[in-house]
Amino acid sequence: MRAQVAVTESYAVFAHLNVEKTPLYRAVLEAFVAARRQFAIALRPVEIAERIPRPAGAPEAPLTEVENALRQLKVWGNLDDSPDTAEAATLEEFYRDRRLYQLSAAGEAAETALAFFYESLHRPGELQTTALRDILELLDAIPPLLSRSPPDDAKLHLTLSSLTNRFEELTDRAQSFMRGLQRTVDLYGISVEAFLGYKERLIEYLEKFIGDLVVATNRTAEAISRVESARLDTLFEALARRELADALDPSPDLLAATLHRWRDRWLGLRRWFIGEPGHPSQAELLRARARSAIPALLTAVSHLHDRRTSRADRAADFTALALWFASAPDDAAAHRLWRTAFALTPARHLRVNEETLNARARADEDARTRWLDAAPMFISPRLRRTGRTTMRGAPPPTVDRSAEKARLRAIADRQALELVRARDELLRRGRRRLADLGPLSRDEFRLFLDLVARALARPAPPQAPLEGLSVDGSLRVRLEPVPDGEWVTLETEQGDFRGRDHWVTIESTLDPAP
Amino acid sequence: MTSTPAAPDRRRKARLQRLREDHDPIAASELRTAVCSLLRHPLLLPDAPDPEAYRLVRRHRTWLSDWFAHHADWNLVVSTEAVRLHKVPASDRDATRGATEPRNGELFTRRRYVLFCLALAALERGDRQISLGRLAESLAGSIASQPAFADAGLTWSLETASDRRDFVHAVRLLLALGVLRRVQGDEERFVADRDSDVLYGVARPVLALLLAPRRSPSLLDIPGFDQRLEALRADPAAPDTPDARNRAIRIRVVRHLLDDPVLYYDELDPETRTYLDRQRPFILRELSDATGLEPEVRAEGIALADLEGDCTDLGLPDEGTEGHLTLLLAAWLAQSLRDHPGRPVTLDAIRLQTARFIRDHHHHWRRDASQPGAETWLSEIVLRTLAGLALVERHPAGVVPRPALGRFALRRSDDPAASPTTPDLFAETAPESSGP
């Protein structure tokens, strides 16, 4: 049963990590840890001072310094002290306050934590294929153990404990590998050689591990199902029994808790290899992450490439240019440098216009004509005189034409009225012979001519009646030739109209047929 | 607008052009627009300065990058964030196209250039966002840490308002180029108040595309200024076969024709001149087809002239006070070219003539053109424009008119070439009103 440790101020054991004398404290504590490996628990200051590593030829760390450090570590709780009962060898020793020091419980826990910290940090992450093999073997070993009755508790417990351990290792390693992968491909500052080496190793790992993972996943999943098809509850009970065999006071709660813990572990194991809908298995995820590491790798490659083809350090280029500008002899030189270095200036050309081009096309020029003799650039006289192509000044005010417009409108209305009157007159005539149609006013005659022209324009056999429509389609004329008709005269306001005699019928197309 | 009938030659040329384009007329005109817009804006972003051009360039990027690489050896980079044509110039002697402050067109000084480059260095080292205050601190740190700046006489501190103004101008150029994107704040307040701050987002892809030369300035350790410029433009892997030399000549000529207003023969060495004489028709036809610019071949040199007006930033003729004065001075200088070729015209003479023009035309112009002393700064503006268009050459003694200025010379009235507008049978208006 573990002693209850007071939880107050328990972080003081880590206080030595961030002070001025941290290297000394670390050296001292590491000396303790190393001594413990050799099964020496309590040490004297003198012995500590001897064990502290120092560069060759340098004197020993002064004893007083070491003693101060030890006292401080005791205050922080890393060390425990007890009186030193051995006999003093010298007077000095006799008068000095002699103590024996050893790692306290908290100190030891701190050291373990720190050791784990260093190992995790510095241990290169890797993907393990041996772990997969071991897991498979262990899984295969379980069913036979289960099938024995009563099941061998000890062996089962051993097997499953190893299984769980291998699993944790595998998970840890895979996690740190994935972390390392992401960090590395993020490093844009990586050099080409380092990158190539990393790429080789990565590809090797990925090929080996991913391939093995795929194979192992299937077989492991099978093995897991085989175990599960056997009696799983028996397994857990056996495990719980074994674990609690050493317990001082196994209560039903403790049993339930242990069972629950083992069930969780088994579930974790299962989830590693067998996924559920909506929750891909860990192996799947690992595979997906490893697969996506490859495009990230390619991106790093392209960044390297970009850096190499473009300037390695553009900031240095800009600074160099700033220095060049500063040392330019004058502003004109600075403009020249601006154009050469940045080339952001627009093009510049002389202008020309259509009139000039036309003039040139007419003139007799060739490649030997001088500019002074050739057709010049055409400038409009207004431009030459005033500097503008348009007239300047206020635009002329818009003239008010409403009176004229009203007059025009009145004229138009009157003409429309006359046209309607003429139309009605013609319609009133009905069917008449040509000579009897008159006298016609000017508008009536115009309308009549229009109708006749359209009627005559239609192709028709001779002596057949002709029909025609007016332009707007509202009047229809029918001309029936009188047999043996003579030439007759139709009087109009504008003169006499002579034609062969016809029966003329003018009717409206809008009226319903009689 | 004009009542002149098109000459038969022009119609025939246009017809031939249409025939050539007939297989895909839309693509041909789109390509021409894309080429011109890239020449005008070598860095195009999706939303500025010309979204339509950006789309066109992305659509035809294969053809465009092939064309530019083959003819001018310019690299065209097309990505989802930006389009960049690395328009390496043909020569490094042109001092007329400096960077300008986006709002008022002021030319950059050396100090502003330095601040601009240091700001770029700080942005390169930084993150995706940066504040004005932090950028300024980083700049101050860079300047303080490099004794070469103090040796060159450049000092800069956040305390003086004029220094802060220089810094803000450099930042405005970064904004205009699209390297920075304002998120919150206004840098104008920073000029007056040292503590106000602005938050920017950094467009790192645009930052990566800014530098043009193939060689890295930080790796070139050359003392002389001119040598540095030459080293920046040099092609590190240039073979020495006759073919490669010819190709280098052709590329240089094409770069000059595409980017600069006039190519004068007296600036070329004999080898280039011989090559150009042989290959001129082919080169000009190819460039003219691709860009839509009109070639102008004369005894003294070649120019590609802009008909549409979208391929150049400076234009002549132009409207307005300065434009009108430029036109008048150009005609006057051209007269001097005709009467006394090669003789420089002194600045005093120019100022005097400007004053005369002001007297004659000030009622057409802006108010401030009539103020005393206006002829000095007005003539400076005009000379800068003329030098930028390679029409004059500036010397300490004055300016020397260049041959292309002859384009703007007035002709005697009995010269048939003087009145290109022949009276039209059906003209109902007087020939003077060629305006609306």
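Residues numbered from 1 in each chain as written. Chains lettered and ligands numbered in written order. Predicted model: local features only at pLDDT ≥ 70, side-chain atom pairs only at ≥ 80, totals over all residues. Heavy atoms only, no water.

Draft legend 1. Layout of the overall build of chain B. For chain B, the helix and strand inventory stands at 16 helices and 12 strands. For chain B, with 436 residues in total, the buried portion stands at 48%. Put simply, 63% of the contacts in chain B that link residues at least 6 apart link residues at least 24 apart. About 21300 Å² of surface is accessible on chain B, with carbon and sulfur atoms providing 50% of the total. (Helix = DSSP H or I, 4+ residues; strand = E, 2+ residues; numbered from the N terminus. Buried < 20%, exposed > 50% of the residue type's maximum accessible area, 1.4 Å probe, protein only. Contact = heavy atoms within 4.5 Å. Areas by Shrake-Rupley, 256 points an atom, 1.4 Å probe, with all protein chains shown as cover.)

Draft legend 2. Quick peek at the overall build of chain A. Secondary structure assignment for chain A yields 17 helices and 8 strands. Sorting the 514 residues of chain A into buried and exposed places 37% on the buried side. A fraction of 61% describes how many contacts in chain A between residues 6 or more apart in sequence connect residues 24 or more apart. Accessible surface computed for chain A: about 30700 Å², of which carbon and sulfur atoms make up 55%.

Draft legend 3. The sheet that holds strand S10 (residues 345-346) of chain B, seen in detail. All names here are of chain B. As summarised here, the arrangement of the 3 strands in space is S10-S12-S11, forming an open sheet in which the pairing is antiparallel. Two strands in the sheet have a free side with no partner beyond their single neighbour: S10 and strand S11 (392-394). Across 3 bridges, S11 lies against strand S12 (residues 398-401) in antiparallel orientation. Directly across from Arg394, in S12, lies its bridge partner Val399. (Pairing = 2+ DSSP bridges.)

Draft legend 4. Region of the structure containing the interface of chain B and chain A. Every contact between the two is made by 120 residues of chain B and, on the other side, 76 residues of chain A. Ranking the residues of chain B by area buried against chain A places Arg110, Arg298 and Arg407 of chain B at the top, with a combined share of 9%. Across the contact surface, chain B and chain A share 9 salt bridges. Two residues, Arg339 of chain A and Asp94 of chain B, come together in a salt bridge whose shortest N-O distance is 2.8 Å. At the surface where chain B touches chain A, the tally comes to 34 residue pairs in polar contact (both at pLDDT 80 or more). Broken down by element, the residue count for the side of chain B that touches chain A peaks at 10 residues, all from helix H5 (residues 110-125) of chain B. Within the side of chain B that touches chain A, the residues separate by chemical class into 67 nonpolar, 21 polar and 32 charged. (Buried area = accessible area lost by both parts, 1.4 Å probe. Salt bridge = Lys/Arg side-chain N within 4 Å of Asp/Glu carboxyl O. Polar contact = N/O pair within 3.5 Å; in protein donor to acceptor, adjacent residues only side chain to side chain. Nonpolar A, V, L, I, M, F, W, Y, C, P; charged D, E, K, R; others polar.)

Draft legend 5. Region of interest: the packing of aromatic side chains. Summed over the entire model, instances satisfying the criterion amount to 15 aromatic pairs over all chains. A centroid spacing of 5.7 Å and a plane angle of 70° characterise the contact between Trp338 of chain A and Phe116 of chain B, whose relative ring orientation is edge-to-face. Taken together, the residues Trp338 of chain A in helix H13 (residues 331-342) and Phe116 of chain B in helix H5 connect one chain to another. The class for Phe116 of chain B is buried, based on a relative accessible area of 0%. (Phe/Tyr/Trp six-rings, centres within 6.5 Å; stacked < 30°, edge-to-face > 60°.)

Draft legend 6. Highlighting the nonpolar core. Ranked by internal contacts, the top residues of the largest apolar core, which has 65 residues, are Phe342 of chain A together with Phe116 and Phe167 of chain B. In terms of residue count, H5 of chain B provides more of this core than any other element does, 11 residues in total. Counting 43 residues, the second largest nonpolar core, distinct from the first, contains Leu139, Leu146, Leu170 and Ala223 of chain A. (Core = buried A, V, L, I, M, F, W, Y, C linked by side-chain atoms within 4.5 Å.)

Draft legend 7. Highlighting the state of the cysteines. Residues and elements named next belong to chain B. Considering all chains together, one arrives at 0 disulfides over all chains under this definition. The thiol of Cys36 is unpaired, and the distance to the nearest cysteine sulfur, on Cys311, comes to 3.3 Å. For Cys36, a relative accessible area of 4% puts it in the buried group. Look at Cys311 and you get buried, because its relative accessible area is 0%. (Disulfide = S-S within 2.5 Å.)

Draft legend 8. Representation of the pattern of salt bridges in the model. Scanning the model with the defined rule gives 55 salt bridges over all chains in all. Here Asp94 of chain B ties to Arg97 of chain B by a salt bridge, and the two come within 3.2 Å at their closest N and O atoms. Put simply, Arg339 of chain A together with Lys87, Asp94, Arg97, Asp259 and Asp260 of chain B are held in one network by salt bridges that share partners.

Draft legend 9. Summary view of helix H2 (residues 25-40) of chain B. The terminal C-alpha atoms of H2 of chain B, which comprises 16 residues, lie 23 Å apart, in line with the 22 Å expected from a rise of 1.5 Å per residue. Those residues of H2 of chain B that sit buried are Ala27, Ala28, Glu30, Leu31, Arg32, Ala34, Val35, Cys36, Ser37, Leu38 and Leu39 of chain B. (Expected span 1.5 Å × (residues − 1).)

Draft legend 10. View of the sheet that holds strand S5 (residues 475-481) of chain A. Residue and element names in this part refer to chain A. What the 4 strands build is an open sheet, ordered S3-S8-S5-S4; its pairing is antiparallel. Two strands in the sheet have a free side with no partner beyond their single neighbour: strand S3 (431-433) and strand S4 (466-469). The average undirected angle you get between the axes of adjacent strands in this sheet is 20°. Running over the sheet, helix H16 (residues 402-429) touches S3, S5 and strand S8 (502-508) and is turned about 125° from S8. (Axes fitted to C-alpha atoms, helices over the stretch in contact; angles between N-to-C directions.)

Draft legend 11. Molecular detail of unusual backbone geometry. Positive phi is not limited to glycine here, since Asp73 of chain B has a value of about 55°. Looking at the element boundaries, Asp73 of chain B is found in the loop between helix H4 (61-71) and strand S2 (75-78).

Draft legend 12. Main features of a nonpolar patch on the surface. Residues and elements named next belong to chain A. A contiguous nonpolar patch, built from Ile294, Leu298 and Val301 and spanning about 250 Å² of accessible area, is present on the exposed surface. Relative to the assigned elements, Leu298 resides in helix H11 (residues 282-309). Judged by its relative accessible area of 55%, Leu298 falls in the exposed class. (Patch = residues over 30% accessible without salt bridge, like charges linked within 9 Å, V, L, I, M, F, W, Y side chains within 5 Å.)

Draft legend 13. Representation of the side chain of Ser288 of chain B within the structure. When you line up the elements, Ser288 of chain B lands in helix H13 (residues 270-291). Excluding residues within four positions of it along the chain, Ser288 of chain B makes contact with Leu293 and Pro295 of chain B.

Draft legend 14. Spatial organisation of the side chain of His256 of chain B. Topologically, His256 of chain B is positioned in helix H12 (residues 242-259). Ignoring anything within four residues of it in the chain, the contact list for His256 of chain B reads Ala90, Val262, Leu263 and Glu267 of chain B.

Draft legend 15. Main features of the pairing of S8 of chain A. Residues and elements named next belong to chain A. S8 sits mainly inside the fold: 5 of its 7 residues count as buried. Note that S5 and S8 share 7 bridges and pair antiparallel. In the strand pairing of S8, Arg476 is matched with Glu507.

Draft legend 16. Quick look at the confidence of the model for chain A. On average, chain A scores 79 in pLDDT, and the residues at 70 or more come to 85%. Taken as a whole, residues 1-5 of chain A scores under 50 in pLDDT and shows 0 contacts with residues more than four places along the chain or in a different chain. (pLDDT = per-residue confidence, 0-100.)

Draft legend 17. Summary view of the environment of Leu132 of chain B. Residues and elements named next belong to chain B. One can find Leu132 in helix H6 (residues 132-145). With 58 residues separating them in the primary sequence, Leu132 and Phe190 have C-alpha atoms 8.7 Å apart. With residues up to four places along the chain from it excluded, the contact list for Leu132 reads Phe167, Val171, Glu187, Phe190, Asp197, Val198 and Tyr200.

Draft legend 18. Here's a closer look at the confidence of the model for chain B. All names here are of chain B. Confidence in the prediction of chain B, expressed as mean pLDDT, is 83, and 89% of residues score 70 or more. Note that residues 1-6 has pLDDT below 50 and, in this model, 6 contacts with residues that lie over four places away or in other chains. Confidence over residues 414-420 falls short of pLDDT 50; this stretch has 7 contacts with residues more than four positions distant or in other chains. Per the prediction output, this complex has pTM 0.56; the corresponding ipTM is 0.86.

Draft legend 19. Broad picture of the packing of H2 of chain B against H4 of chain B. All names here are of chain B. Orientation of H2 relative to H4, taken along the N-to-C sense of each, is 60°, at an axis distance of 11 Å. Comparing the axis directions of H2 and H4 gives the class oblique. When you trace H2 past H4, the crossing you get is right-handed. Between H2 and H4, the residues in contact are Leu31, Ala34, Val35, Leu38 and Leu39 and Trp63, Leu64 and Phe68, respectively. (Parallel < 35°, antiparallel > 145°, perpendicular 65-115°, else oblique. Left-handed = near helix turned anticlockwise from the far one by under 90°.)

Draft legend 20. Helix H14 (residues 321-339) of chain B, seen in detail. Here H14 of chain B spans 27 Å end to end across 19 residues, near enough to the 27 Å set by a 1.5 Å rise per residue. Counting buried residues in H14 of chain B gives 14 out of 19 residues, a clear majority hidden from the surface.

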